[in-house]
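Results of the structural survey
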Amino acid sequence: MKTIWVFLFALLCYQAESAGFNGLGQTPQMGWNNFNHFPVGIHEQIIRETADAIITTGLSKLGYVYVNIDDRWANLDRDSQGNLVANSTTFPSGIKALADYVHSKGLKIGIYSDAGNQTCAKTQPGSLGYEEQDANIFASWGIDYLKYDNCHNEGVDTKQRYTKMSKALNKTGRSIFYSLCEWGQEDPATWGPKIANSWRTTGDIHDDWHRMTSTADKNDKWASYAGPGGWNDPDMLEVGNGKMSTEEYRSHFSIWALMKAPLLLGCDIRSMSPETVEIITNEEVIQVNQDSLGVQGKKVSKKGKLEVWAGPLSNKRYTFILWNRSPESASITAKWKDIGPSDDSVFKARDLWNHSDLQDTFQGSLTSTVDSHACKMYILTPSSS
Ligand code: GLA
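Attention in this report is confined to the structure presented alongside it. The structure displayed is predicted, hence computed values, not measured ones.

**As for the packing of helix α4 (residues 131-141) against helix α5 (residues 158-171)**
At their nearest, the axes of α4 and α5 sit 8 Å apart, and the two run at 40° to each other. Judged by the angle between their axes, α4 and α5 are oblique. Taken as a pair, α4 and α5 cross one another with a handedness that is right-handed. Along the contact surface, α4 presents Glu131, Glu132, Asp134 and Ala135, while α5 presents Lys164, Met165, Ala168, Leu169 and Lys171. Of the residues that constitute the contact of α4 with α5, the class distribution is four nonpolar, no polar and five charged.

As C-alpha cells, this is what we get:
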C-alpha cells in the first residue's frame, strides 16, 4: 500500500514538473516582437498600430497574441524611488496606458529587461539588484511577458541572476511568461525548465540564410529538454524582413514550427507582402507547433545538404520536413526507421504547404523532389485511423 502512495506522489511531482514552473507556455508562445525589424526607433505608435494590425489581419485568431516591446523603451535613469520609467519622448503615454490598449484588443503585452546593470543597447538600466522592484512595477502595469537579456552582467553567477527574477515574477502574483535571453552560454536548456518558460539557445538570428540554418542546428542539440511549460528558443522569426527568398522563409517558418520554437513574428505587421502572409498564416504548420504532445522535432537524417527533420505528434501521428539546403533541386527520402514508427507501418500523408492529401499510402519511406533552399512538410496519419 505504502509503495502505491509513494508511486502516486512521485507521479504527481513528475506531472507538476513537466507542466512547467508557473503553468504558462503549455505550447510555444506566439506573437510579435519589434527587435528584428525595428532594432532602433521603436515608439508607442508602432506598438499600437501593430496591435491593431494583429487583429485586422486575423493573426490573433491563429494564436499570435503577445505584443512584445524589446530594448530601448525606458529612460536611462530610474526615478527618485528607483523605479524604471518609460522613455518620455518615445513612450509618452507610459507603459500602463499601452498595456491597457493592447489588453483592450484581447492581446497580451510583453516587455524587456536585462539581468545586468544596463541593457544591451545601453539606453536603459538593467534589473540586476532591482529584481523585485522591477517585477512589481511590471505587474502593476499589467505586463504579461518578460524577455530577460544578459548584457553587462558584471560576471555575477548566471543561474543566480535568472532565478532571482523568476522568483520575483512569481511573487507578484501576476501570471508573467518568463523568457530567458541568455544566448545559450551556460546551457540554459539544462536548468531553464525549473525557472522559466523559454530560454534562448543561441546568439542573435540575422535575416540571412546561413545564420538562420546554423541557428536551427544549434537549437537542435537541445531538443530533448523542451516540453509543455518550457521551450528552447532559437530566436525570433525573420520571415518578411526582405533578405531571404520566399522558399527560404518557408523553410525558416517550417523548421521553427517543427522545433516547437516560439513563433514570434519579427516583420512589420502593418505592411506584409502576400507571400509573408501566406507563410505565417499556414494553420496546418502552426498546429504542428502548437500540438498538445509538445515534443520538439529534430534533424533525423542528413546526406550532405539534404536533410530530414521529424518528430511525433498527438494521436499517433508524425510530422516531417524534407529540407534541401543544397544549391540544386534534389530528391530526398524520409525513412520510417529515422522518423520513429516501425518500417511496416502504413500511413496516409498530407502535404502542409500544398494543403492536400497525397493519393497513395506509404510504407517504410516517402520520397519527393525539393527545390534548392526549399522544404516540403508533411503529417503522417496511421492509415487505419
Ligand atoms: C540582445 C538580444 C536581442 C535583443 C537585443 C536588444 O542582443 O539577444 O534579442 O533583445 O539584445 O538590444
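**Looking at the packing of aromatic side chains**
If you walk through the whole model with that rule in mind, you get 15 aromatic pairs. Ring geometry for Trp73 against Trp141: centres 5.8 Å apart, planes inclined by 85°, an arrangement best described as edge-to-face. Taken together, the residues span a long stretch of sequence, with Trp73 in the loop between β2 (66-68) and α3 (94-104) and Trp141 in helix α4 at a distance of 68 residues. For the pair Trp73 and Trp141, one class covers both residues: buried.

**Some words on the pattern of salt bridges**
Oppositely charged side chains can form a pair if their charged atoms are brought close together. Per the stated rule, a full pass over the model turns up 20 salt bridges. For Arg78, the salt bridge goes to Asp134, with nearest N and O atoms at 2.9 Å. Of this pair, Arg78 sits in the loop between β2 and α3 while Asp134 sits in helix α4, and the two are 56 residues apart along the sequence. Accessibility expressed as a relative area gives 16% for Arg78, which makes it buried. When its relative accessible area of 0% is taken as the criterion, Asp134 is described as buried. The residue Arg250 makes a salt bridge to Glu278 at a minimum N-O spacing of 3.3 Å. Separated by 28 residues along the polypeptide, Arg250 in helix α7 (residues 246-258) and Glu278 in helix α8 (residues 274-280) bring together distant segments of the chain. Since its relative accessible area comes to 12%, Arg250 is described here as buried. One connected set of salt bridges, linked through shared partners, spans Asp217, Lys299, Glu307 and Arg325.

**Focus on the state of the cysteines**
Enumeration over the complete set of coordinates arrives at one disulfide. The disulfide bridge from Cys120 ends at Cys151, spanning 2.1 Å between sulfur atoms. Judged by the sign of its S-S torsion, about 100°, the cystine formed by Cys120 and Cys151 is right-handed. Pair noted here: Cys120 is in the loop between β3 (108-114) and α4 and Cys151 is in the loop between β4 (145-149) and α5, with a separation of 31 residues, a long-range link. Assessed through its relative accessible area of 29%, Cys120 is described here as partly exposed. With a relative accessible area of 15%, Cys151 lands in the buried category. There is no disulfide at Cys181, and the cysteine sulfur nearest it, in Cys120, is 6.8 Å away. Judged by its relative accessible area of 2%, Cys181 is buried.

**Some remarks on the side chain of Ser166**
For Ser166, the position within the fold is in helix α5. Owing to a relative accessible area of 4%, Ser166 belongs among the buried residues under this scheme. Filtering out sequence-adjacent residues up to four positions away, Ser166 remains in contact with Phe21, Tyr178 and Ile195.

**Focus on the pairing of strand β15 (residues 365-370)**
Each regular strand displays side chains that alternate between the two surfaces of the sheet. By the alternation rule, side chains of β15 split into Leu366, Ser368 and Val370, which are all buried, and Ser365, Thr367 and Thr369, of which none is buried. As paired elements, strand β12 (residues 330-335) and β15 share six bridges and run antiparallel to each other. The residue of β15 that forms the bridge with Lys335 is Ser365.

**Points about the site of the ligand**
Surveying the vicinity of the ligand reveals the residues Phe35, Asp70, Asp71, Tyr112, Cys120, Ala121, Lys147, Asp149, Cys181, Trp183, Arg200 and Asp204. Taking Asp149, its side chain carries an N or O atom lying 2.8 Å from an oxygen atom of the ligand. Taking Arg200, its side chain carries an N or O atom lying 3.3 Å from an oxygen atom of the ligand. Against a free-state accessible area of 310 Å², the protein chains account for coverage of 91% of the ligand. Class assignment of the residues belonging to the shell around the ligand gives a composition of six nonpolar, no polar and six charged.

**Some details on the nonpolar core**
Formed by 83 residues in total, the largest nonpolar core has its most connected members in Tyr64, Trp73, Phe253 and Trp256. Sort the elements by how many residues they give to this core and α7 lands first, with six residues. Setting aside residues no more than four positions away along its own chain, Phe253 makes contact with Tyr64, Leu237, Val239, Leu263, Ile279, Ile280, Val285, Ile286 and Trp353. Ile332, Trp336, Phe347 and Ala349 belong to the second largest nonpolar core, which has 19 residues in total.

What counts, and at which threshold
- Within any chain, residue numbers begin from 1 and follow the written order of that chain's sequence.
- For a predicted model such as this one, the threshold for reporting local features is a pLDDT of at least 70, and the threshold for listing and counting side-chain atom pairs is 80 or more; totals across whole chains, interfaces and linings nevertheless cover every residue.
- Side-chain numbers come from the whole structure's heavy atoms, not from hydrogens or water.
- In this analysis, axes come from line fits to C-alpha atoms, helices being fitted only over the stretch in contact, and the angle between any two N-to-C directions falls in the range 0 to 180 degrees.
- The secondary structure listing takes helices from DSSP runs of H or I that are at least 4 residues long and strands from runs of E that are at least 2 residues long, numbered from the N terminus.
- Here the angle decides the label: under 35 degrees means roughly parallel, over 145 means roughly antiparallel, 65 to 115 means roughly perpendicular, and every other value means oblique.
- Handedness of each helix crossing follows the sense of rotation of the near helix against the far helix: counterclockwise by less than a right angle gives left-handed, clockwise gives right-handed.
- Residues are treated as being in contact if the distance between any of their heavy atoms lies within 4.5 Å.
- Just so you know the grouping, Ala, Val, Leu, Ile, Met, Phe, Trp, Tyr, Cys and Pro go in nonpolar, Asp, Glu, Lys and Arg go in charged, and all remaining residues, Gly too, go in polar.
- Any pair of Phe, Tyr and Trp rings, taking the six-membered ring for Trp, is counted once the centres come within 6.5 Å. Such a pair is stacked with planes under 30 degrees apart, edge-to-face with planes over 60 apart, and tilted for the rest.
- Residue burial is assigned from relative accessible area. The probe radius is 1.4 Å, only protein chains are included, and a residue is buried under 20% of its type maximum, exposed over 50%, and partly exposed in between.
- We define a salt bridge as a contact between a side-chain nitrogen of Lys or Arg and a carboxyl oxygen of Asp or Glu at a distance within 4 Å.
- Cysteine sulfur atoms that come within 2.5 Å of each other are treated as a disulfide pair.
- Pairs of strands are assigned from DSSP output, requiring at least two bridges between the strands.
- One heavy atom within 4 Å of a molecule or strand makes the whole residue count as near it.
- Here a polar contact is taken to be a pair of N or O atoms separated by no more than 3.5 Å, where protein atoms must pair a possible hydrogen donor with a possible acceptor and residues adjacent in sequence count only if both atoms sit in side chains.
- Each accessible area is a Shrake-Rupley result for a 1.4 Å probe, and residues are judged covered by the shown protein chains and nothing else.
- Side-chain atoms within 4.5 Å are what join buried Ala, Val, Leu, Ile, Met, Phe, Trp, Tyr and Cys residues into a set we call a nonpolar core.

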